Amino acid sequence: MKFDLVKEFCALSGAFGPSGRESGVIACLDRIIAEHVPDAERWERRTDAMNNLLYHRAGSGKKVVLAAHMDSIGVVVTHIDDNGFARFASVGGLMLGDLIDRRVRFQSGVRGVISFEEKTPFKQLGMDNLFLDIGASSREEAETRIRVGDFAVFDGEPFAQGNILCGPYLDNRIGCLTLIGAMCALEETDNDITVAFTAQEEVGLRGAQTMAFDTAPEVAIAVDVTDTGDMPERKYPMAVKLGAGPAVKVMDRSVICDVSVRDALYRAAESLGMTVQQEIMEFGGTDTGVIQRSRGGVRAGAVSIPTRYIHSPNEMAAVSDIEQAARLIARTVSHELSD
């Protein structure tokens, strides 16, 4: 990549951007693109009504969309009691075990800790037994800092260690950085290319649905994270490993990927001398599914970044997988999707 991946991920991971509140991420992405994409002036930039961020480079060839969602999971305050403790609902998919005694941050900078009702037996805990503590002693004091309807995100410090990148919101800020890396590495092509950083994926693939209808691509490649099968005693076998190369999606719950797009990715990998993995994700889906079903249908595929501990405050991926994914996508668009 033509930029410091770890440095820019740390900046992007810290940008406030739960689903429906992506403006902070947009500002960070705009800055990274302006600073690092060599021909940034060739790309027409706009946002749409859903807050998708779109960069378009016109061409006479195939209409290609490259997509990665920029929003994150989070929580939203639903009630504040007389003692200043807040109750909350999830924004996107959250696991109970990933929330207990975790620190969160509001857009204003106010921080708090999620904890649990200790009189409830631990094995009987549910989301309704959790609360958010910002250190207030009363409702009145709490409401000087937070309000019902305020969103919060995980508050954690990313780190790099060897080939490993770890921290909150690799899902899917590393997908966004992959696309910026692909923008940097694109060669001359006649293809008409839209790079879409989509909104509200975590709450139902909403931004990608409207983006695909608007841009009407012929071909699309989405980038997102995927589970790995290389951890001790994993419940569901999966042929994806951390650090073994990016994965080309075969299918998930939302999509069966187009064979011609998969083959184009395989050819690009072969030409680069790159090893890729094959991904079948038995649970969950990505933007690929709604893009494929837009209008009269889109030839859609996906490149996935193997990631451990997805939707936790400490997701983990390999730097090499991210860098290779960017090169793979750039090569595919530049050489394998032409007429």
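The numbering scheme is per chain: residues are counted from 1 as the chain's sequence reads. Given that this is a predicted model, residues contribute local features only at a pLDDT of at least 70 and side-chain atom pairs are listed and counted only at 80 or more, while totals for whole chains, interfaces and linings are drawn from all residues. Side-chain descriptors were evaluated using all non-hydrogen atoms of the structure, hydrogens and water having been removed beforehand.

## Re the pattern of salt bridges
Side chains bearing opposite charge may pair, as long as their charged atoms lie close to each other. Any carboxyl oxygen of Asp or Glu within 4 Å of a side-chain nitrogen of Lys or Arg constitutes a salt bridge here. Enumeration according to the criterion identifies 18 salt bridges in this entry. Close ionic contact of Glu 279 with Lys 249 constitutes a salt bridge, the shortest N to O distance being 2.8 Å. Remark: Lys 249 occurs in strand S14 (residues 247-251) and Glu 279 occurs in strand S15 (residues 277-280); sequence separation between them is 30 residues. Judged by relative accessible area, which is 0%, Glu 279 ranks as buried. Here Lys 249 falls in the buried class, since its relative accessible area comes to 1%. Several salt bridges converge on common partners, so that one network encompasses Asp 39, Arg 42, Arg 57 and Glu 188. The helix and strand labels rest on DSSP assignments: H or I over at least four residues marks a helix, E over at least two residues marks a strand, and numbering proceeds from the N terminus. Throughout, exposure labels follow a simple rule: accessible area from a 1.4 Å probe, protein chains only, divided by the maximum for the residue type, with under 20% read as buried, over 50% as exposed, and the rest as partly exposed.

## Digging into unusual backbone geometry
Residue Asn 172 is bonded to the preceding Asp 171 through a cis peptide linkage, with omega at 5°. Tracing the chain through its elements places Asn 172 in helix H4 (residues 170-185). Its identity as a non-glycine residue notwithstanding, Tyr 169 has a phi of 70°, on the positive side. Turning to its location among the elements, Tyr 169 is positioned in the loop between strand S11 (164-167) and H4. Located in the positive-phi region is His 311, a residue other than glycine, with phi close to 70°. Relative to the helices and strands, His 311 is located in the loop between strand S16 (299-308) and strand S17 (315-318). Given a relative accessible area of 16%, His 311 falls into the buried group.

## Describing the packing of aromatic side chains
The geometry of two aromatic rings is summed up by the distance between their centres and the angle between their planes. Under the pairing criterion, centres of Phe, Tyr and Trp rings, with the six-membered ring standing for Trp, must be within 6.5 Å; the plane angle then separates stacked pairs below 30 degrees from edge-to-face pairs above 60, leaving the rest tilted. Counted under the stated rule, the structure contains 3 aromatic pairs. Taking 5.4 Å as the distance between ring centres and 75° as the angle between the ring planes, the aromatic pair formed by Phe 85 and Phe 131 counts as edge-to-face. One end of the pair, Phe 85, is in the loop between strand S4 (74-80) and strand S5 (86-91); the other, Phe 131, is in strand S8 (residues 130-133), and 46 residues separate them in sequence. Residue classification places Phe 85 among the partly exposed residues on the basis of a relative accessible area of 29%. Considering the side-chain rings of Phe 154 and Tyr 169, the 5.9 Å spacing of their centres and the 20° angle between planes classify their relative orientation as stacked.

## Some remarks on the packing of helix H1 (residues 5-13) against helix H2 (residues 23-36)
Angle between the axes and distance between the axes are the two parameters that describe a pair of packed helices. Packing of H1 against H2 leaves a shortest axis separation of 9 Å and a crossing angle of 155°. One element, H1, and the other, H2, form an angle in the roughly antiparallel class. Between H1 and H2 the crossing geometry is right-handed. Mapping the contact onto sequence places Glu 8, Ala 11 and Leu 12 in H1 and Val 25, Cys 28, Leu 29, Arg 31, Ile 32, Glu 35 and His 36 in H2. Of the residues in the contact of H1 with H2, the class split is 6 nonpolar, 1 polar and 3 charged. Axis lines are fitted through C-alpha atoms, for helices just across the contact stretch, and the angle between N-to-C directions can take any value from 0 to 180 degrees. Working definition: roughly parallel below 35 degrees, roughly antiparallel above 145 degrees, roughly perpendicular at 65 to 115 degrees, and oblique for all remaining angles. Should the near helix be turned anticlockwise from the far one by less than a right angle, the crossing is termed left-handed; should it be turned clockwise, right-handed. Only heavy atoms matter for contacts: two residues are in contact if any of them lie within 4.5 Å across the pair. Put simply, Ala, Val, Leu, Ile, Met, Phe, Trp, Tyr, Cys and Pro go in the nonpolar bin, Asp, Glu, Lys and Arg in the charged bin, and everything else, Gly too, in the polar bin.

## Overview of empty space enclosed by the protein
Using protein atoms alone on a 1 Å grid, points that fit a 1.4 Å probe yet trap it form a cavity, whereas open point sets bounded by protein on both sides within 12 Å along at least five of seven lines form a pocket; residues with an atom within 4 Å of a point count as lining. Grid points are joined across faces, edges and corners, and a volume is the space filled by probe spheres set on the points. On inspection of all chains with the given rule, the structure shows 1 cavity of 30 Å³ or more. Approximately 30 Å³ is the volume found for the largest cavity. Contributions of two or more residues to the lining of the largest cavity are made by S4 and strand S9 (151-154). The greatest single-element share of the lining of the largest cavity, amounting to 3 residues, is contributed by S9. Here the lining of the largest cavity is composed, by residue class, of 9 nonpolar, 1 polar and no charged.

## Quick word on the pairing of S16
Of all 10 residues in S16, 9 are buried, a share of seventy percent or more. By the bridge criterion, 8 bridges tie strand S13 (residues 219-226) to S16 in an arrangement that is parallel. Paired with Asp 224 across the bridge in S16 is Ser 304. Two strands form a pair only when DSSP identifies at least two bridges running between them. Here 2 bridges tie S14 to S16, and the two strands are oriented antiparallel to one another. Across the sheet, Val 248 pairs through a bridge with Val 303, a residue of S16.

## Remarks on the side chain of Asp 48
Here Asp 48 lies in the loop between strand S1 (44-47) and strand S2 (53-57). Within the buried core, Asp 48 has no salt-bridge partner, and the shortest N-O distance to an opposite charge, that of Arg 46, equals 5.2 Å. One polar contact links the side chain of Asp 48 to the main-chain amide nitrogen of Met 50, over a distance of 3.0 Å. The charge count includes Lys and Arg as positive and Asp and Glu as negative, but it does not include His or the ends of the chains. Under the rule applied, a polar contact is a pair of N or O atoms within 3.5 Å (in protein, one hydrogen donor and one hydrogen acceptor; residues adjacent in sequence only if both atoms are side-chain atoms).

## A few points about the environment of Gly 74
Structurally, Gly 74 is set in strand S4. We classify Gly 74 as buried; its relative accessible area is 5%. As for Gly 74 and Glu 202, which are separated by 128 residues in sequence, their C-alpha atoms are 9.4 Å apart. Beyond its immediate sequence surroundings of up to four residues, Gly 74 is in contact with Ala 89, Ser 90, Val 91, Leu 94 and Ala 152.

## Re the packing of H4 against helix H8 (residues 319-336)
The interhelical angle for the contact between H4 and H8, taken along N-to-C directions, is 50°, at an axis separation of 8 Å. What the angle tells us is that H4 and H8 run oblique. Here H4 and H8 pass one another in a crossing that is right-handed. Residues Ile 174, Thr 178, Leu 179, Gly 181, Ala 182 and Ala 185 of H4 touch H8, and the partners they reach there are Ile 322, Ala 325, Ala 326, Ile 329 and Ala 330. Here the residues of the contact of H4 with H8 sort into 9 nonpolar, 2 polar and no charged.

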